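# Summary of the model geometry
The primary structure of each chain is shown beneath.
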Amino acid sequence: GFIWERLFHYAEAVRDYRRAVQVEPDNERAHLRLAETLAVTGPPEEAAEQFEWLRRRHPQDLSPRLGLARCWRQMGRTGEARQLLDALVAELEGPTPAPGAAGVFTERGRLALEVGELEQAAHWLRRAVALAPTDREALYNFVQCLQQSGQDAEAREYQARFQRADADLKRLGQLTKAVLRQPHDPALRCEVAALFLRNGQEQEGVRWLHLALSEAPDYGPAHQALADYYQQAGKLELAAHHRELARARPH
């Protein structure tokens, strides 16, 4: 299921996640991946059941509650979604943005947009794109909000950002299929990594760089990309290590 999901084959991912849950009913990771994928494909009622199962087990975890709020919005249960999202916002407020805040702000803004509260929608979506500048969902909804509010110049600016993120997603789909055809080509994996890193998905980007090195341990561009990433992350010893390896094998 995880592989299908990464290849953007969501129907196949749902099928295998359902099988995983049937085989191992207490596997929380399987339930979460099934819930998240169903939130994309529908039906939201089934996704909500999975998120509710997870919330009962871990009442304080963010992901199940945010997922449940998203499903309730899709199901037209606007009041319940608003109440849950407002509770999440209250928990996340503080001088330092908490992990997951961008997703909560995006969903709160989207809910406000759907019910015509444009000022509220702009407030939450602006905060979301400030925290996650390349997030497609946040950008798309912010563009819709700005256009409906008559702020055309700013809408064009964010539309361009959305189009770049959308083009990267489409290129990711092409590349992941190419990797299946050429599984030992480190250059393809490096390009996938670069797209993930550019769009703020650092964990996935680093994972793909290591996948490139698992195929070609001396592949210089992968080492250089890791050196650049670790330098920006302040992990200077790792950066120096990969920079030295990149110099030894520049191509």
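These notes cover the structure that comes with them. (Residues numbered from 1 in each chain as written. Predicted model: local features only at pLDDT ≥ 70, side-chain atom pairs only at ≥ 80, totals over all residues. Heavy atoms only, no water.)

### Here we look at the nonpolar core
- Phe51 and Tyr158 are the most contacted members of the largest nonpolar core, which totals 45 residues.
- With residues up to four places along the chain from it excluded, the contact list for Phe51 reads Leu32, Ala35, Glu36, Ala39, Ser63, Pro64, Gly67, Leu68 and Cys71.
- The next biggest cluster of nonpolar side chains, apart from the first, holds 21 residues, and it includes Cys190, Trp208, Leu213 and Leu226. (Core = buried A, V, L, I, M, F, W, Y, C linked by side-chain atoms within 4.5 Å. Buried < 20%, exposed > 50% of the residue type's maximum accessible area, 1.4 Å probe, protein only. Contact = heavy atoms within 4.5 Å.)

### Looking at the packing of aromatic side chains
- In this structure the tally under the stated criterion is four aromatic pairs.
- Ring centres 5.5 Å apart and planes at 35° place the aromatic pair Phe105 and Trp124 in the tilted group. Here the residue Phe105 occupies a position in helix H7 (residues 101-114), and Trp124 occupies one in helix H8 (residues 118-131), the gap between them amounting to 19 residues. Taken individually, Phe105 and Trp124 each receive the classification buried, so the pair is uniform in this respect.
- Seen in terms of ring centroids, Phe142 and Tyr158 are 4.8 Å apart; in terms of plane orientation they differ by 75°. Their pairing is edge-to-face. Placement of the pair is Phe142 in helix H9 (residues 136-148) and Tyr158 in helix H10 (residues 152-181), with a sequence separation of 16 residues.
- Its relative accessible area of 0% is what places Phe142 among the buried residues.
- Residue classification places Tyr158 among the buried residues on the basis of a relative accessible area of 10%.
- The ring of Phe2 carries the charged tip of Arg29 above its face, separated from the ring centre by 5.6 Å. (Phe/Tyr/Trp six-rings, centres within 6.5 Å; stacked < 30°, edge-to-face > 60°. Helix = DSSP H or I, 4+ residues; strand = E, 2+ residues; numbered from the N terminus. Lys NZ or Arg CZ within 6 Å of the ring centre and 35° of its normal.)

Geometric values such as these leave the question of function open.
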